[in-house]
Each structure stands twice: as C-alpha cells, then as structure tokens.
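Read off the chains here:
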Amino acid sequence: MPIYEGQSVEEAIQNGLKALGVTQDEVQTTIIEEGKKGFLGVGKKNAQVSLEYMAKQETENKSETVNKTEAEEDNEKSSEEIETVEEVSDKEAEQAEKLSEGLDNQEALTQLSIYLTDITKELNAPATIKTSRDAGRIVFDLDTSKKGLLIGRHGKTLNALQYLAQVYIHRIAKNKLPIVVNVGNYRQKREDILESLAERTAEKVDRTGMPAFLEPMPAFERKHIHAVLSKKSYVITHSEGDEPYRYLVVEPAKKYY
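Residues numbered from 1 in each chain as written. Predicted model: local features only at pLDDT ≥ 70, side-chain atom pairs only at ≥ 80, totals over all residues. Heavy atoms only, no water.

Undergrad: Which parts of the structure should I look at to understand the overall build of the chain?
TA: Scanning the chain from N- to C-terminus turns up nine helices and nine strands. Contacts in the chain between residues at least 24 apart in sequence constitute 62% of all its contacts with a sequence separation of at least 6. Split by element, the accessible area of the chain, about 15100 Å² in all, is 48% carbon and sulfur. (Helix = DSSP H or I, 4+ residues; strand = E, 2+ residues; numbered from the N terminus. Contact = heavy atoms within 4.5 Å. Areas by Shrake-Rupley, 256 points an atom, 1.4 Å probe, with all protein chains shown as cover.)

Undergrad: Sorry if this is basic, but what is going on with the pattern of salt bridges here?
TA: A complete count under the given rule lists eight salt bridges for this structure. When the shortest N-O distance is used, the salt bridge between Glu191 and Arg137 registers 3.8 Å. Of this pair, Glu191 sits in helix H8 (residues 186-208) while Arg137 is found in strand E5 (residues 137-143), placing the two residues 54 residues apart along the sequence. The partner of Glu199 in a salt bridge is Lys232, with the nearest N and O atoms 3.1 Å apart. Here the residue Glu199 occupies a position in helix H8, and Lys232 occupies one in the loop between helix H9 (219-229) and strand E8 (235-240), the gap between them amounting to 33 residues. Judged by its relative accessible area of 33%, Glu199 falls in the partly exposed class. (Salt bridge = Lys/Arg side-chain N within 4 Å of Asp/Glu carboxyl O. Buried < 20%, exposed > 50% of the residue type's maximum accessible area, 1.4 Å probe, protein only.)

Undergrad: Help me out: how do you make sense of the nonpolar core in this one?
TA: Looking at soluble globular proteins, one finds that nonpolar side chains tend to be buried together. Leu112, Leu142, Ile169, Ile179 and Val181 are the most contacted members of the largest nonpolar core, which has 29 residues in total. Elements supplying a minimum of two residues to this core: helix H5 (105-122), E5, helix H6 (147-151), helix H7 (156-172) and strand E6 (179-183). Here the element with the most residues in this core is H7; it accounts for seven residues. Each residue touching Leu142, except ones within four places of it in the same chain, is listed here: Leu116, Thr120, Ala127, Thr128, Ile129, Leu150, Leu161, Val181, Asn182, Val183 and Gly184. If you look at the next biggest cluster of nonpolar residues, it comprises 14 residues, including Leu194, Ala198, Val205 and Val250. (Core = buried A, V, L, I, M, F, W, Y, C linked by side-chain atoms within 4.5 Å.)

Undergrad: Could you clarify how one ought to interpret the packing of H5 against H7 in this entry?
TA: Think of two packed helices as two axes; the pair is described by the angle between the axes and how far apart they sit. For the pair H5 and H7, the least separation of the axes is 10 Å and the interaxial angle reads 145 degrees. The handedness of the crossing between H5 and H7 comes out as right-handed. Where H5 approaches H7, its residues Ala108, Leu109, Gln111, Leu112, Tyr115, Leu116 and Ile119 are matched on the opposing element by Leu161, Leu164, Ala165, Tyr168, Ile169 and Ile172. Looking at the contact of H5 with H7 residue by residue, the classes come out as 12 nonpolar, one polar and no charged. (Axes fitted to C-alpha atoms, helices over the stretch in contact; angles between N-to-C directions. Left-handed = near helix turned anticlockwise from the far one by under 90°. Nonpolar A, V, L, I, M, F, W, Y, C, P; charged D, E, K, R; others polar.)

Undergrad: How do you make sense of the side chain of Arg187 when you look at a structure like this?
TA: Summarising the element assignment, Arg187 is placed in helix H8. Other than its neighbours up to four places away in sequence, Arg187 contacts Leu158, Asn159, Gln162, Val180, Val181, Asn182, Phe220 and Glu221.

Undergrad: Please clarify how the pairing of E5 should be interpreted in this entry.
TA: A regular strand places its side chains so that they alternate between the two faces of the sheet. With five of its seven residues buried, E5 lies for the most part within the structure. Note that strand E4 (residues 128-134) and E5 share seven bridges and pair antiparallel. Bridging across to E5, Thr131 finds its partner in Phe140. Where E4 hands over to E5, the hairpin turn is made up of two residues, of which Ala135 adopts a positive phi near 55 degrees. One ladder, built from five bridges, connects E5 with E6; its direction is parallel. Bridging from a neighbouring strand, Leu142 pairs with Val183 of E6. (Pairing = 2+ DSSP bridges.)

Undergrad: Would you take a moment to explain the packing of aromatic side chains for this structure?
TA: Scanning the model with the defined rule gives two aromatic pairs in all. Ring geometry for Tyr115 against Tyr168: centres 4.0 Å apart, planes inclined by 10 degrees, an arrangement best described as stacked. On the criterion of sequence distance, the pair formed by Tyr115 in helix H5 and Tyr168 in helix H7 is long-range, its members being 53 residues apart. Residues Tyr115 and Tyr168 agree in their burial class; the two are buried. (Phe/Tyr/Trp six-rings, centres within 6.5 Å; stacked < 30°, edge-to-face > 60°.)

Now the structure itself:
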C-alpha cells in the first residue's frame, strides 16, 4: 500500500489525495507516523499516511476510458503498481516457504528469476530476466517494452521489487546472496545521481554544521553514498529506520549542535 508524507498528517493526506486524484470520502486513511518537529531541525520526521481505495472508487477507476499518454499512465499508476507488488509478494511468500530450505546458489537464483517474472506479468509489464555479476553483486536485468511501469515514479516500483527480491532470496538460499534488480540503465544513472547527492549533502552539512536526513533508499544505495562520503573526513554517516523505509543520516564529524 503506497505511503504519502507531509510535514503534518493533514498535509500528508492532501498530498496522497492529490497524487491519487480522489477526495477524502473515497479512501480509507491510516496514520502510520504522526511526525516529529525535532529541535532546530534535528530529529525531524515527516508524517506518514496510507490511503486505500474504497470499493466504489475501485469500480469507477475500472470504468474510466480516458485516453492518456504512456508517460502519464506510468506516473499515475505508480502507487497502484506498488500495491500490486505487495499483493503478489504475499502470495509468492507463501510459495517461498513451501520450497526446500537452503537451496544452492544456482537453484535459488533460478527460483528468484521465476518469482520476478511472475511479478512483472502481474504488473502488466512482462519481462525477460538476464543475470550478471558486478562488484560482487548478482544483477537481475528486467528486459521489457514497458520500462516505465517497472521503474515507477522516482524509482519507487523498482525499489519495491528490489526489496522483495532480497527478502525472497534470503528465505530460500543457503548462502547470503547480494541481489540488485535493474531495468534498462536506471541503476547506472541512479549511481551518478547518488554521487552528486552525496557531494551536495556533504557540502551542506559542512557549511551549516547540522545533520542532513536523506530519503529512504535500498541498502546498496545507502552503502554507495557511504563509500563516497567515507573519503571526506569532515562528515560521518549512519542509517536509521526500518526497511524498506531505512534512510541515511549525514552529520558533521565534529558536532556543533
């Protein structure tokens, strides 16, 4: 179920309603985090809510026949796709538990390929899977004609797939296998973005003397930023929160607050 954020619960709800294009009467609202103001910006956390369509709204959505461009559909369906990923994960998790525990590496990777293929079909973006190795990680490249659907807005659908793939492989594999799920050249472009983000964040922290809280991201992305910033003696990094909403904190090596 997609989660929406804001500085207050009301703002988070309004952001969710705007993203979904519905009114508050058409959804069921669940408050996940009321948020914290923090002190001088330290410890600040946004409010988080989830919005779930009621039956009436689901029926109305199915009857819509408005023509949209593929790009528009990718953005508007992003939150629905993540819901579908979560629904599929429940079903596939049951199947994973039925598999023999402690599969050999190749057997586990084969099962993961089948798992990801089934999810892409559920998302109406069927993909073929190609595996390769990069820097000690096993990369699953999803080749599809509907890349936008599997990436999602700001990569949220792809990150959801990444999280599910890692959980799945940990359940069935004898050994701990580091997995990366990729679509097209998204991960390569993302690494460039992360390096730029790391540099800007370090400069800001050094200038203000205050910690910076980055958006939630997969473990291997947090590790990449940590590696970049480990070369800078004036900042330190650590992670906070629970998966899949765990985020990186960048703070001065010498604290001024």
